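# Results of the structural survey
Here is what each chain is made of, one letter per residue.
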Amino acid sequence: MHRRHGGQAYSLARDRARSPHGRRVWFWTRVAIELARLDGREIGLRTSDRWR
């Protein structure tokens, strides 16, 4: 997913994790966490907190 969608991969995974599809939510949440790790993102920070 990271190779195919690049910088948008994390956003796509988060959007899929937010849709109500039972166990798929857990899967896409884990995908988003792994993509965040690969991108060096810190989960839970607001955009304004990243630039302080």
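Residues numbered from 1 in each chain as written. Predicted model: local features only at pLDDT ≥ 70, side-chain atom pairs only at ≥ 80, totals over all residues. Heavy atoms only, no water.

Regarding its fold elements, the protein presents four helices and zero strands. When the helices and strands of the protein are placed in sequence order, the string is α-α-α-α. Total accessible area on the protein stands at roughly 4,500 Å², and carbon and sulfur atoms take up 50% of it. (Helix = DSSP H or I, 4+ residues; strand = E, 2+ residues; numbered from the N terminus. Areas by Shrake-Rupley, 256 points an atom, 1.4 Å probe, with all protein chains shown as cover.)

So, on to the pattern of salt bridges. Considering all chains together, one arrives at two salt bridges under this definition. Between aspartate 15 and arginine 18 there is a salt bridge, with the nearest N and O atoms lying 3.7 Å from each other. With aspartate 15 and arginine 18 both in helix α2 (residues 9-18) and three residues apart, the pair spans about one turn of that helix. Here glutamate 34 makes a salt bridge to arginine 37, at a shortest N to O gap of 2.4 Å. Residue glutamate 34 and its partner arginine 37 are both found in helix α3 (residues 23-39); the two are separated by three residues, about one turn of the helix. (Salt bridge = Lys/Arg side-chain N within 4 Å of Asp/Glu carboxyl O.)

Before going further, it helps to spend a moment on α3. Along its 17 residues, α3 runs 25 Å from first to last C-alpha, staying within 8% of the 24 Å computed at 1.5 Å per residue. If you check which residues of α3 are buried, you get Trp28, Val31, Ala32, Leu35 and Ala36. Angular distribution of buried residues about the axis of α3 spans 140 degrees; they occupy a single face of the element. Turned more than 90 degrees away from the buried face of α3 sit Arg23, Trp26 and Arg37, all of them exposed. Contacts from the buried residues of α3 go to α1 (2-5) and α2. Backbone geometry just downstream of α3 places glycine 40 in the positive-phi region, at approximately 80 degrees. (Expected span 1.5 Å × (residues − 1). Buried < 20%, exposed > 50% of the residue type's maximum accessible area, 1.4 Å probe, protein only. Arc of directions from axis to C-beta. Contact = heavy atoms within 4.5 Å.)

Once that is clear, we can look at the packing of aromatic side chains. Under the defined criterion, the tally for this structure stands at one aromatic pair. Over the face of the ring belonging to tryptophan 28 we find arginine 16, whose NZ or CZ atom lies 4.8 Å from the ring centre. (Phe/Tyr/Trp six-rings, centres within 6.5 Å; stacked < 30°, edge-to-face > 60°. Lys NZ or Arg CZ within 6 Å of the ring centre and 35° of its normal.)

With nine residues, the main nonpolar core is built from Ala9, Tyr10, Ala13, Ala17, Trp28, Val31, Ala32, Leu35 and Ala36. Broken down by secondary-structure element, the contributors of at least two residues to this core are α2 and α3. (Core = buried A, V, L, I, M, F, W, Y, C linked by side-chain atoms within 4.5 Å.)

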